[in-house]
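Okay, here's what each chain looks like letter by letter:
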Amino acid sequence: MMQKLKKWARMLKRDGVTLWFACKDPRTPWMAKALAALVVAYALSPIDPIPDFIPILGLLDELIVLPGLIWLAIRLIPETVLEASRARADAWMFEKGSKPRTAWGLIVVVLVWGTFIALATLMMQ
């Protein structure tokens, strides 16, 4: 059971990097590119969008939301682009040993949390 979970986690990590490369490919349709960019910003952010210390929600994003978004984005990418992007992702993971980090992910997370806090503050007044 643990081996299956570890394999699934490695595939998920690789597919996050796959989407990173697919975003850069001009053959990727704009809709798939937009969703992939959002998923990449979410997955490769140096900080966790929903911190794990928040009961239940902190783990749900990593167990349900992120895998679901990755699955959907991958379904929108043409097979030829997906194969090339996966090959590049495998090479990256082999060479670097980790997923890339993106400043855009940090910016997106900070903007989302800032907006959430601002709206919550306005609603409490």
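Residues numbered from 1 in each chain as written. Predicted model: local features only at pLDDT ≥ 70, side-chain atom pairs only at ≥ 80, totals over all residues. Heavy atoms only, no water.

Within the chain, the regular secondary structure consists of five helices and zero strands. When the helices and strands of the chain are listed from N to C terminus, the series reads α-α-α-α-α. When each of the 125 residues of the chain is scored for burial, the buried share is 34%. Of all intrachain contacts in the chain linking residues separated by at least 6 positions in sequence, the fraction that spans at least 24 positions is 71%. Put simply, the chain shows about 8500 Å² of open surface, and 72% of that area lies on carbon and sulfur atoms. (Helix = DSSP H or I, 4+ residues; strand = E, 2+ residues; numbered from the N terminus. Buried < 20%, exposed > 50% of the residue type's maximum accessible area, 1.4 Å probe, protein only. Contact = heavy atoms within 4.5 Å. Areas by Shrake-Rupley, 256 points an atom, 1.4 Å probe, with all protein chains shown as cover.)

For the rest of this paragraph, the subject is the confidence of the model for the chain. A residue-level look at the chain finds 76% of positions with pLDDT of 70 or above and a mean pLDDT of 80. The weakest mean pLDDT in the chain belongs to helix 5 (residues 103–124) at 76; the strongest belongs to helix 4 (residues 79–96) at 89. (pLDDT = per-residue confidence, 0-100.)

Applying the stated criterion to the full structure yields four salt bridges. Here Arg14 and Asp15 are joined by a salt bridge, their closest N and O atoms 3.3 Å apart. This pair shows no difference in class: Arg14 is buried, exactly as Asp15 is. Between Arg14 and Asp90 there is a salt bridge; the shortest N-O distance is 3.7 Å. In this pair, Arg14 is assigned in helix 1 (residues 2–24) and Asp90 in helix 4, connecting sequence segments 76 residues apart. For Asp90, a relative accessible area of 37% corresponds to the partly exposed category. (Salt bridge = Lys/Arg side-chain N within 4 Å of Asp/Glu carboxyl O.)

Another point: a nonpolar patch on the surface. Where nonpolar side chains cluster on the molecular surface, the patch consists of Trp30, Met31, Trp71, Leu72 and Leu76 and spans about 600 Å² of accessible area. Breaking the nonpolar patch down by element, the ones donating at least two residues are helix 2 (30–43) and helix 3 (57–76). Among the elements that line the nonpolar patch, the one with the most residues is helix 3, at three residues. As for its position among the elements, Trp30 is in helix 2. (Patch = residues over 30% accessible without salt bridge, like charges linked within 9 Å, V, L, I, M, F, W, Y side chains within 5 Å.)

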